[in-house]
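Residues per chain, in single letters:
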Amino acid sequence: MYTLLPQDSDLVDTTLFDHIARSLEQDGYAVLPNALPGSLTDRLFADFKSLEADDLKPAGIGRQADFQHNPFVRRDRICWLRGESAASAEFLAWTERLREALNRRLFLGLFDYECHYATYPVGAFYKKHLDAFKGQSNRRLSTVLYLNPSWSASDGGELVLYPPSHLEPLPVTEPLRVVVPEYGTLVIFLSEEFPHEVLPAHRPRHSIAGWFRVNTSSGVRLDPPR
Ligand code: OGA
Ligand code: MN
């Protein structure tokens, strides 16, 4: 006689996904220490360390024809995850489960997820910005997973979240939340609501930044691949 019990990992995910959905509903963001199951964070960090220097390209702003490098805005270097390594495939499978769970709980209509490794050299920053201006992008939820072993507050590189704003230029406001980019911490926030910035770090600072997107393609306009 068999009893159908969910596997432990399913239970852990369900509890976490419930918590994320509730935080997004109440606050619009969530900060989750040690979010990923098992040793996935360690395997992602090993995968990141196996990248060659020229796998990491200067990050730009804007998409396709609007794409430009602007070292006064951001100075990180990035490499998109395509699921080619076992760890990155597993991370993309986990984000797929999170996507389905959030769609079921919050009816967000999230369609896919894209993400890249990012590394900020010493002194690098990303000035205050929104990941998506309302109605101008298909990015709905931003995620950042930090890969910085033994990071302390004095190492800088904090993510600063500001209160929701749709104004352009973004107003000067008091921070809503300051997040130390500690190993294994995952931050999730509504892309169109929260201006945020990355403060200069005193050590190289590593992460996986990603975005859940909705499909806004129509007969006359195809969504860009990223
Ligand atoms: C980004 C970003 C935040 C962080 O890549 O758009 O804002 O903490 N990253 O790395
Ligand atoms: Mn951002």
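Everything here concerns the structure above.
Undergrad: Is there a simple way to explain the coordination of the manganese ion (ligand 2) in this structure?
TA: Between any two of four tetrahedral donors, the ideal angle at the metal is 109.5 degrees; between two of six octahedral donors, it is 90 or 180 degrees. The manganese ion (ligand 2) binds to the protein through His129 (NE2), Asp131 (OD) and His196 (NE2), with metal-donor distances spanning 2.1 to 2.2 Å. Note on His129: relative accessible area 10%, which makes it buried.

Undergrad: Before we go on, may I ask you to explain the nonpolar core in this structure?
TA: Ile20, Leu44, Phe91, Leu102 and Ile208 are the most contacted members of the largest nonpolar core, which totals 35 residues. Listing elements by their share of this core, those giving two or more residues are helix H1 (8–26), strand S1 (29–32), helix H2 (40–49), helix H3 (86–106), strand S4 (112–120), strand S6 (139–146), strand S9 (186–190) and strand S11 (205–213). When residues no more than four places from it in sequence are discounted, the contact partners of Ile20 are Leu32, Leu98, Leu102 and Ile188. Residues Ala59, Trp80, Tyr126 and Ala209 belong to the second largest nonpolar core, which totals ten residues.

Undergrad: Looking at this model, I keep getting lost on H3. Mind explaining?
TA: The periodicity of an α-helix, 3.6 residues per turn, causes residues three or four positions apart to be oriented the same way. Helix length check: H3 (21 residues) gives 30 Å between terminal C-alpha atoms against 30 Å at 1.5 Å per residue, within 8%. Of the positions making up H3, those classed as buried are Ala87, Ser88, Phe91, Trp94, Thr95, Leu98, Arg99, Ala101, Leu102, Asn103 and Leu106. The inward-facing, buried residues of H3 abut H1, H2, S4, S6, S9 and S11. Immediately beyond the C-terminal end of H3, within one or two residues, lies Phe107, with a positive phi of roughly 55°.

What counts and what doesn't
Residues numbered from 1 in each chain as written. Chains lettered and ligands numbered in written order. Predicted model: local features only at pLDDT ≥ 70, side-chain atom pairs only at ≥ 80, totals over all residues. Heavy atoms only, no water. Donors = N, O, S within 2.8 Å, 3.2 Å for Na, K, Ca; no water. Buried < 20%, exposed > 50% of the residue type's maximum accessible area, 1.4 Å probe, protein only. Core = buried A, V, L, I, M, F, W, Y, C linked by side-chain atoms within 4.5 Å. Helix = DSSP H or I, 4+ residues; strand = E, 2+ residues; numbered from the N terminus. Contact = heavy atoms within 4.5 Å. Expected span 1.5 Å × (residues − 1).

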